[in-house]
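A closer look at the structure
Below, each chain spelled out in residue letters.
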Amino acid sequence: LAIARGMSLAKDLGNTPSNICTPVYLAAQAKALAKTYDFKCDVLDEKACEKLGMGSFLSVGKGSDKPSRFIVLQYNGGKRNDKPIVLVGKAVTFDAGGISLKPPGEMDEMNYDMSGGGAVLGTFRALGELGLKLNVVGLIPACENMPDANANKPGDIVTSMSGQTIEILNTDAEGRLILCDALTYAERFKPDAVIDLATLTGACVIALGAHPSALFSSDDALALEIERAADTAWDRVWRMPLWEDYQEQLKSSLADMANIGGRPAGSITAACFLWRFAKNYRWAHLDIAGTAYKGGRDKGSTGRPVPLLVNLLLARAAK
């Protein structure tokens, strides 16, 4: 029942149209959830994010009239000194592509680009009902990616919270620009592991379709833990390569890296980009672009990967 209710919340948030489900709305939902289940919840506004140096995250929302928010949830069910697991969820409440505008076909489905953040909230709802003896942190960078005179432009260079610079070659590769600052922020919790989940690349849908989510990890033990939880929940994953060879595609002559690596292996180079910001802890990335929602006339959120994440946490609590 806890998993079903968590999925229900993730589905409801995903299916809520983007004129209602804005970053501020998501932040309000997180606060309400925290109040109900006695979590700690902090919502960082744009000024607070600017103070922290989140130049990459903030750059994505510049073209929107909807202010960005960085949501921090903390569930402290374990011992005080237990290292938490950190869940990071991409929450682009609408993704028009920015200046690199998406084609009109299926753009109506881009309210689902916050499905990673919705799944984090759904997992926290399940956590609240189960009362697991674990420490879990949820990080949700929430913004809207729109075209405007203030928006990111191809060729712009931004500085991430980590200090690494990024040349933006395509403004529609925005998910990694918000996640990279969240991955840097995650370091302050001295995590046991960090898992990010995002509707990140269309290339993932081409590679794997709608059945498994793509799993990338720099840690074999963590990857195996996720695969076992995925099989238990029948919320399946397929592990993809995360090799240094692909980093060559992200080279920039003007910045530390480019935000895209070209058409070949698009989901892999996106994961390789994120890996650059996750070197200081055990990390895994789930690309849920093909599994978080269904498109077309029967469009709707699936609530995935809430079952996977809750089963992962159940297994950890059982230890």
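Just so we're clear, the structure is a prediction, and the values are computed from it rather than from any experiment. Chains are numbered independently. Their residues run from 1 in the order of the written sequence. Local features in this predicted model are restricted to residues of pLDDT 70 or higher, and side-chain atom pairs are both shown and tallied only at a pLDDT of 80 or more, whereas totals for entire chains, interfaces and linings draw on every residue. Water and hydrogen atoms were dropped before computing side-chain values, which therefore reflect all heavy atoms in the structure.

A word on the pattern of salt bridges
- Take a side-chain nitrogen of Lys or Arg and a carboxyl oxygen of Asp or Glu: if they are within 4 Å of each other, that pair is a salt bridge. Inspection of every chain in the model, using the stated rule, returns 17 salt bridges.
- The residue Lys299 makes a salt bridge to Asp108 at a minimum N-O spacing of 2.6 Å. Here Lys299, found in the loop between β13 (293–294) and β14 (300–301), pairs with Asp108, found in the loop between β4 (91–95) and α5 (115–130); they are 191 residues apart in sequence, far enough to count as distant.
- Three exposure classes are used, based on accessible area relative to the maximum for each residue type with a 1.4 Å probe and protein chains only: buried under 20%, partly exposed in between, and exposed over 50%. Overall, Lys299 belongs to the partly exposed group, its relative accessible area being 37%.
- Under the relative-accessibility criterion, Asp108 is labelled partly exposed at 44%.
- For Asp219, the salt bridge identified is with Arg282, shortest N-O distance 3.4 Å. Residue Asp219 is found in the loop between β9 (213–217) and α8 (220–233), and its partner Arg282 is found in the loop between α9 (266–275) and β12 (283–287); the two are separated by 63 residues along the sequence.
- Each of the salt bridges in this network shares a partner with another, and the network as a whole consists of Asp192, Asp219, Glu225, Arg282 and Arg316. Strands here are runs of E lasting at least two residues and helices are runs of H or I lasting at least four, both read from the DSSP assignment and numbered beginning at the N terminus.

Focus: the sheet that holds strand β6 (residues 157–159)
- Strand pairing requires that DSSP identify at least two bridges connecting the strands. With mixed pairing, the three strands of this open sheet are ordered in space as β6-β7-β11. Of all the strands in the sheet, the pair left with one neighbour each is β6 and β11 (257–258).
- By the bridge criterion, two bridges tie strand β7 (residues 165–167) to β11 in an arrangement that is parallel. When the bridges of β11 are listed, Ile166 appears paired with Met257.

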